Amino acid sequence: MAAALAGCGFKPLYRQNGPGEAVPQFTQISIAQPEDRISQQLRNHLLDMVTPQGSPERPLYILDYRITESVGSVFVTRSDEITRNNLQISVSTFLRDYQTGSPLASFSISSQASYNLTVADYSNLISEKNARERALRDAAEQIRIRLANYFGRDQFKPKPQPRQP
């Protein structure tokens, strides 16, 4: 089965090639500095998932992002009391050439997480914080997958070298 998968070009996204990454271009990505706390949380997840060995000294790419967040009610009792919310995170992501700033790829992703509401304010704050953390982790994973798909295109694959006689 492994030979059949290798023949069709299948490449596992999570494979580790020793000290390298499954997607070698990930080591050349610099992740933009955050503007606020939620951006910092997303950046931390991206650093862990995309560049776990640290930021490159001479990056080829810069990954920029813009986050929007909204909260909506999911369950409302007959007495109009909200008992569950959905937290929606949307991220517009831009991959650019580090030197020129020219756009290479852009995509939007969204993630959501639900949390219960109680009569205790502190409990509600912690529940919302936890939901935000889960949604941001999921958003970072989606960004990582989209980047891997982008870099998996033929233009990034190494060209076969001619045999030496």
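Residues numbered from 1 in each chain as written. Predicted model: local features only at pLDDT ≥ 70, side-chain atom pairs only at ≥ 80, totals over all residues. Heavy atoms only, no water.

**Regarding the environment of Leu-46**
Our working rule: Here a helix means four or more residues in a row that DSSP labels H or I, a strand means two or more in a row labelled E, and each is numbered from the N terminus. Any two residues having at least one pair of non-hydrogen atoms within 4.5 Å are treated as being in contact.
Assignment of secondary structure puts Leu-46 in helix α2 (residues 37-49). In this structure, the C-alpha to C-alpha distance between Leu-46 and Leu-63, residues 17 residues apart in sequence, is 9.7 Å. Sequence-distant contacts of Leu-46, defined by excluding residues within four places in its chain, comprise Ile-31, Thr-51, Leu-63, Tyr-65, Ala-140 and Ile-143.

**Some remarks on the confidence of the model for the chain**
Our working rule: Residue-level confidence of the predictor is summarised by pLDDT, bounded by 0 at the bottom and 100 at the top.
Mean pLDDT over the chain: 84, with 79% of residues reaching 70 or higher. For residues 14-20, every residue scores under 50 in pLDDT, and the model assigns this stretch 6 contacts once sequence neighbours within four places are set aside.

**Comments concerning the sheet that holds strand β2 (residues 61-76)**
The following threshold applies: Paired strands, as defined in this entry, are two strands with at least two bridges between them according to DSSP. Axis definition: a line fitted to C-alpha atoms, over the contacting stretch in the case of helices. Angles run 0 to 180 degrees between N-to-C directions.
Taking strand neighbours across the sheet as the criterion, the 4 strands line up as β1-β2-β3-β4 in an open arrangement whose pairing is mixed. Here the strands that pair on one side only, and so sit at the sheet edges, are β1 (29-31) and β4 (103-116). Ignoring strand direction, the axes of neighbouring strands in this sheet form an average angle of 25°. Where β2 lies against strand β3 (residues 82-97), 15 bridges are found, and the strand directions are antiparallel. Opposite Val-71, over in β3, you have Leu-87 as the bridge partner. Contacts between α2 and the sheet are confined to β1, β2 and β3, with β2 contributing the most and set at about 120° to the helix. Packed on one face of the sheet, helix α3 (residues 121-151) meets β1, β2, β3 and β4 and runs near 150° to β4.

**Comments concerning the nonpolar core**
The following threshold applies: Buried Ala, Val, Leu, Ile, Met, Phe, Trp, Tyr and Cys residues form a nonpolar core when they are joined through side-chain atoms within 4.5 Å. Buried, partly exposed and exposed residues are distinguished by accessible area as a fraction of the type maximum, computed with a 1.4 Å probe on protein chains only: under 20%, between the cut-offs, and over 50%, respectively.
Ile-29, Leu-42, Leu-46, Ile-143 and Leu-147 are the most contacted members of the largest nonpolar core, which has 32 residues in total. Contributing elements (two or more residues each) for this core: β1, α2, β2, β3, β4 and α3. With 10 residues, α3 is the single largest residue contributor to this core. Apart from residues no more than four positions distant in its own chain, Leu-147 is found in contact with Phe-26, Ile-29, Val-50, Leu-63, Leu-95 and Phe-107.

**Examining the pairing of β2**
Where β1 and β2 come together, 3 bridges link them in parallel fashion. What sits directly across from Ile-29, in β2, is Tyr-61. The antiparallel hairpin formed by β2 and β3 contains 5 residues in its connecting segment, where Asp-80 sits at a positive phi of about 60°.

**Section: the pairing of β4**
Of the pairings in the sheet, the one linking β3 to β4 comprises 13 bridges and is antiparallel in character. By the bridge assignment, Val-91 is partnered in β4 with Ile-109. Once β3 ends, the chain turns through 5 residues before running back antiparallel as β4, passing Gly-101 with a positive phi of about 80°.

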